[in-house]
Amino acid sequence: MSPNTKKSEKESKAQKPRVLMIAFGGCNGCHVTVLDMHEELLDVLPHIEFVRASVIADMNRKEIPESDIALVEGSICNDENLKMIKEVREKTKTLIALGSCSAFGGVPGLRNLFDLNDCIDEGYVNNLSTVNPDKVTPNDYSVIPKQLNYVRNIGSIVKVDYVIPGCPPVPSMIKNVLIELLNGKEPTLPTKNLCHECHRKHKKIISGDRKIITWNIDTIIESDLDPDLCFLEQGVLCMGPATRSGCSGRCTHANMPCRGCFGPNIDAIEQGCEMSNAMAPMLPIGLLVQKEDLAGCFYRYSLPSSIIPKIIKKHNETVEEKKRRISSTVDDSNSSLKRGEN
Amino acid sequence: MRIGVFICKCRGEISSHIDYGDIITHLKKFEDVVLVDEQIALCSSNSYDELIKKIKNHEIERVVIAACSPKYYEDIFRKNIEVAGLNPGFLEMANIREQCAWPHKANREEATRKAKLLIKVAIEKVKYGSKINLEKSKVKKSVMVIGAGIAGMHAALSLAKQGLEVHLVEKKAVIGGDQVRFAKVFPRDECSPCAFAPIIAQIVNNPNITVHTLSEVKSVGGRVGEYQIKLINHPRYVDEKKCINCGDCTTVCPSEIENQYEFGLGNHKRIHIPYEEAHPHSHVVSEKTVDDCRRNCHRYCEKICVTKAVNLDMQPTELDFIVGGIIVATGHNLYKPHEFNYNNSDNVLTMAEYERLLVADGVTKGKILRLSDKSEPNAIAFILCVGSRDPKIHPYCSKYCCMATATMITQTREKLPNVKIYVFYKDIQTVGKMGDEYVRRTQEMKDVEWIRAIPEDSKIINGDRLSLKVNASGGYMDIDVDLVVLANALEPSADTDKLRQIVGLDKTEEGFYRESDILLNPVSTFDPGKYICGTCVGPKTIGETITEARSAAASCASVLGADEIIQEVLVSKVDENKCGNCKVCLRTCVFGAVKIDEEKEVSVTDNTLCRGCGNCVSACPSGARDLIMFPNDFYKKAIDIMAEYETDEPKILFLACNGCAYPAADNAAQIGKQYPSNLLILRTPCAGRVDTQYIEYALAKGFDGVMIGMCHIGSCHYVVGNEDLMKRMDLLYPLLEIKGISRKRIRVEEISPSEGEKFVQKVNDFLDQLKPVYQEENIKQIIDEMKLEENTDSAEVEK
């Protein structure tokens, strides 16, 4: 319960902050997380007024009302999203990016690794469960929105005041941010990386005694995992080191490695490079490249906000070249693993 | 912030290739720059006074000096700005001579533009520059000398005489090196044991010297003034103090091993005294055989020993101590030849083996006999340059062989007045005092034939003679001899590489230790407390070795002479608010400088151990670590500025490590090489500091390619920085490739400081390699277009 809820009821009723909830390219899961606050929602509800919240009530989809706080979910995938996020920005005082999609681009952002036309073909034509002999793809953009060439996070389009990361976010964090805002305070995010909150222990490390920490790279189903030992030491790629804390290690507690949904830490620009930098001296690189989907793992939630946020196309790329690129077959000729032979 | 920019004309070396007026008007536009000053030569002594005066008069807070490479005068300028009251960290040099004026002589406009850019980067750097803290530390008045051969012993003695405590560490069971086992030594044909045995005696009797035989250095930590040393003391299996050298154990010992002190020419018992003059003069059991002794022998030696000195169950012990300085004098190995039937005939000997035929206590008791049938040879051939001056084996001259051969010829002639001697040689390389006449004396001897050709083939004839086929002036001829002596090359000892990593030294391509400057600092290393001398640095004669040993000792003593050493603290710092205790840095740091504060659950830096390479900063996945002198923010800003450089050609960012690649670029300019001006050089302390984010960032900001220059693998000044970079690149390449970015845009090169020519060649190669990159979309354009596209998209929507 916030300390300020004792404020005179009448006064707060008169000037209840208007909260808007809007979802773009995403799964609506972040909005459901607002409901996941359960009884704690009651701490917040008396002090706010929802002007638009699709998870709570029906509403006019097109209209965007004026608001004090906007909770924006999802990434910007099509021209409708683009238009609406700008309108939201204009009509709100505080814009909060809720969830990893709006904050970093999220899972939909992985589409940036492909050409838009390939994605549409995959979705409407080539998909195994689709019967579409005439190869009809969406063309009437007066009926459905037109896809953007690449997915973007909200921060790359409009100014974002606060970020609540997570896929989905942590309910208590949403509550804390709202209460801080209602009390006129600056909400802050944790600044450490996930390892700070993870309960898992390291084996004894001797300072200056550099070693590869494990010689096997496993997926979680392959190996018998010690529930109290660091995933990396057991050869399971865990994004914890390059991920911001704040989720209290909910995955690592449940014996699942961190997937990096809280995004890069405050001063780290992007997760992919940070992970390459950190893992290189510790893990067997060759195995890592062979066994893991590196881009899918390192950039699972943050590709659109990384330094190079989308695919750089090759002019006149052949089908083979494309296949090769997508399967990211590794050409080992420049690898340090093979260098010894030269 | 008040910044002063001082530009040096370098007596015309810079100003004749760069438009000074242009630069000065350009600099005056900068907001923070309060003074732009030009000098004819900033390195002249009156310029320093001028510099100090101007800093004070204009109340300058940060200083940028645009002149030559920082390797020359950075330290001196730092001292001078300190005199002017500024912290030495508030200075940055823009290398406009080696990176603009010299390599782009043909293009004044480009050179000027590039100079402007480099000065702008330097101005940014001083803005981010933080104070260099100076830390005073106590100096331990002691030195560890590794290797107790001629160089090590002379260094140790010289140090001990100056009152310093010396730990003399020797891997073998005895001190003295090989030379004491030889017969005579040039250039005065002196009796070798007579010359060097007294040195050994002086070492043994000097109270300041502690000798550690059978010892290996396990680890070296700390820094100049207080190195923490860990030694492993391998057991001798005989208590030196109790052993009375009665020899009973040797008599009863049932098995023999190859005698390494005779270079494998004979055998001795497993428990033995190495040789008569050996110090310490005590029996020893080789660690290699002791396991077998314990298992398969009845321990006769233990049982018979009256003083109970023998104990085959001794275990290795560890010894810790602190020293102020380290001198490495580990000597050399001799090339093991396979040429001239060395492996097939007992009558083909190396020089060291032949020495053992000449000495009175050798296998033949001083007689020159053939080992195959113990008969006196009628003809002997000496073959020089075996393994030396051969690009396939060792490209260098081993320096000792010509003179040593002459010594041996004299001795051979004394012992066998009628023997026919042939000497096969490429050139006679005896420079300096007494050299030429020493060799000429043997050339004038009767029945000594010097033939300027190396035999092309050798055959074993009549079972034990050798026939050498040689192409001399008159065509091919066969020369049959009874004995062949090969003057084999001197090469780095087998442990050089291992010890190099433990002590933290650099090596040359030949495998010898690298001196910090072969011309100006021949015995120093890049660490001010570590010195190298003797044949572990390169081939040399005994006289030169002794000179070098004393020079190393004097240099080391001069550093340890002060009571306190003032050191710059160039460390990696940790932001406790961001550190989540993932221990990645702990696993990355090779110097043991990362410690964990268990209470706060954050990592901390041990300032005494941190060398400031920045490998942990690159590794830190949470952005908590940063390097004081080369911060993250500076690199991003520098890449931003450099990306503004306009050029029609592919634009390359060259991230050059301070140890090797940066001086290599300097070297290219110094030897007059030209390279394209679209190569922009950014200095990093080590390749380990190259964060892969900078590479992506540079590509995103408009660079077409990124080149990373680092030391050769195995020669990193910070031990593993370059290897870690390679591993990081192995992870980055697939990430870039899946984003459609060709790995041809990136090139990692191993370049050493003297390889200026190679550097230019690699740059040109890389430019060729970058050509296909134009098949790809322009990364910068795409990222810039994201904003444009956003506008067009919304425009369409509004329609």
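So, how was this worked out
Residues numbered from 1 in each chain as written. Chains lettered and ligands numbered in written order. Predicted model: local features only at pLDDT ≥ 70, side-chain atom pairs only at ≥ 80, totals over all residues. Heavy atoms only, no water. Salt bridge = Lys/Arg side-chain N within 4 Å of Asp/Glu carboxyl O. Pairing = 2+ DSSP bridges. Helix = DSSP H or I, 4+ residues; strand = E, 2+ residues; numbered from the N terminus. Buried < 20%, exposed > 50% of the residue type's maximum accessible area, 1.4 Å probe, protein only. Contact = heavy atoms within 4.5 Å. Buried area = accessible area lost by both parts, 1.4 Å probe. Polar contact = N/O pair within 3.5 Å; in protein donor to acceptor, adjacent residues only side chain to side chain. Nonpolar A, V, L, I, M, F, W, Y, C, P; charged D, E, K, R; others polar. Disulfide = S-S within 2.5 Å. Patch = residues over 30% accessible without salt bridge, like charges linked within 9 Å, V, L, I, M, F, W, Y side chains within 5 Å. Areas by Shrake-Rupley, 256 points an atom, 1.4 Å probe, with all protein chains shown as cover. Expected span 1.5 Å × (residues − 1). Core = buried A, V, L, I, M, F, W, Y, C linked by side-chain atoms within 4.5 Å. pLDDT = per-residue confidence, 0-100.

## So, the pattern of salt bridges
All names here are of chain B.
- Taken as a whole and judged by the stated rule, the model has 66 salt bridges over all chains.
- Note that Asp373 is salt-bridged to Arg370, the shortest N-O span being 3.1 Å.
- Salt bridges sharing partners connect three or more residues here, namely Asp291, Arg294, Arg299, Glu302 and Asp313.

## A short note on the pairing of strand S1 (residues 18–23) of chain A
Residues and elements named next belong to chain A.
- Pairing between S1 and strand S2 (residues 49–52): three bridges, direction parallel. The residue bridging Leu20 from the neighbouring strand is Arg52, located in S2.
- Pairing of S1 with strand S3 (residues 67–73), which is carried by five bridges, proceeds in the parallel orientation. Residue pairing in the sheet places Ala23 in a bridge with Glu73 of S3.

## Some thoughts on the side chain of Arg587(B)
- Among the structural elements, Arg587(B) can be located in helix H16 (residues 584–588).
- Here Arg587(B) falls in the buried class, since its relative accessible area comes to 5%.
- Arg587(B) has contacts with His202(A), Ile205(A), Arg210(A), Ile213(A), Glu233(A), Met282(A) and Cys582(B), leaving out every residue within four places of it along the chain.

## Brief notes about the interface of chain A and chain B
- Listed per partner, the contact involves 72 residues of chain A and 69 residues of chain B.
- Across the interface of chain A and chain B, roughly 6,300 Å² is buried in total on both sides, 59% from carbon and sulfur atoms.
- Where chain A meets chain B, there are one salt bridge.
- Two residues, Arg587(B) and Glu233(A), come together in a salt bridge whose shortest N-O distance is 2.1 Å.
- One can count 20 residue pairs in polar contact (both at pLDDT 80 or more) joining chain A with chain B.
- The set of elements that each furnish at least two residues to the side of chain A that touches chain B consists of helix H4 (79–91), strand S6 (147–152), helix H9 (271–279), helix H10 (285–291), helix H11 (294–298), helix H12 (319–326) and helix H13 (336–339) of chain A.
- Sort the elements by how many residues they give to the side of chain A that touches chain B and H9(A) lands first, with seven residues.
- Looking at the side of chain A that touches chain B residue by residue, the class counts come to 36 nonpolar, 19 polar and 17 charged.

## Description of the state of the cysteines
- This structure, assessed with the given rule, holds one disulfide over all chains.
- Bridging Cys191(B) to Cys194(B), the disulfide has an S-S length of 2.1 Å. Its S-S torsion of about 75 degrees marks the bond between Cys191(B) and Cys194(B) as right-handed, since a negative value means left-handed.
- For Cys191(B), a relative accessible area of 28% translates into the label partly exposed.
- Here Cys261(A) is not disulfide-linked; the sulfur of Cys167(A) is the nearest cysteine sulfur, at 6.0 Å.

## Re a nonpolar patch on the surface
All names here are of chain A.
- A grouping of Tyr141, Val143 and Ile144 is seen on the molecular surface, where their side chains present a nonpolar patch of about 280 Å² in accessible area.
- With respect to the element layout, Ile144 can be found in the loop between helix H6 (116–126) and S6.
- Under the relative-accessibility criterion, Ile144 is labelled partly exposed at 35%.

## Looking at helix H21 (residues 721–738) of chain B
Residues and elements named next belong to chain B.
- With 18 residues, H21 should cover 26 Å at 1.5 Å per step; its first-to-last C-alpha distance of 26 Å lies within 8% of that length.
- Of all 18 residues that make up H21, 17 are buried, and the element is covered over most of its length.
- Gly740 sits one or two positions beyond H21 and adopts a positive phi of about 85 degrees.

## Things to note about unusual backbone geometry
- That bond from Cys167(A) to Pro168(A) is cis: its omega, -5 degrees, falls within 30 degrees of zero.
- Structurally, Pro168(A) is set in the loop between strand S7 (162–164) and helix H7 (171–182).
- Cis geometry is found at the peptide bond from His279(B) to Pro280(B), where omega equals -5 degrees.
- Summarising the element assignment, Pro280(B) is placed in the loop between strand S15 (271–272) and strand S16 (284–285).
- Phi angles above zero are rare outside glycine, and Ser248(A) is one such case at about 55 degrees.
- Note on placement: Ser248(A) falls in the loop between H7 and helix H8 (250–253).
- Phi at Glu59(B) is positive, roughly 50 degrees, even though this residue is not glycine.
- With respect to the secondary-structure elements, Glu59(B) resides in the loop between helix H2 (45–57) and strand S3 (62–67).

## Focus on the nonpolar core
- Among the nonpolar cores identified, the biggest contains 174 residues, and Ile7(B), Ile18(B), Ile96(B) and Ile119(B) are the most heavily contacted of them.
- Contact partners of Ile96(B), with chain neighbours within four places excluded, come to Ile7(B), Ile14(B), Ile18(B), Tyr20(B), Ala66(B), Ala67(B), Ala101(B), Ala115(B) and Ile119(B).

## Focus: the confidence of the model for chain A
All names here are of chain A.
- Mean pLDDT over chain A: 85, with 90% of residues reaching 70 or higher.
- This model gives residues 1–10 a pLDDT under 50, and the stretch forms eight contacts once residues within four places in sequence are excluded.
- When the criterion is pLDDT under 50, residues 329–342 qualifies, and its contacts beyond four places in sequence or with other chains add up to 20 contacts.

## Considering the confidence of the model for chain B
Residue and element names in this part refer to chain B.
- With 98% of its residues at a pLDDT of at least 70, chain B reaches an overall mean of 89.
- Note that residues 792–799 has pLDDT below 50 and, in this model, eight contacts with residues that lie over four places away or in other chains.
- With a pTM of 0.75, the predicted complex shows an ipTM of 0.89.

## Side note on the environment of Met153(B)
Residues and elements named next belong to chain B.
- Summarising the element assignment, Met153 is placed in helix H6 (residues 150–161).
- Residues Met153 and Arg743, 590 residues apart in the sequence, show an inter-C-alpha distance of 53 Å.
- Not counting chain neighbours up to four residues away, the residues in contact with Met153 comprise Ala148, Gly176, Ile199, Ile200 and Ile203.

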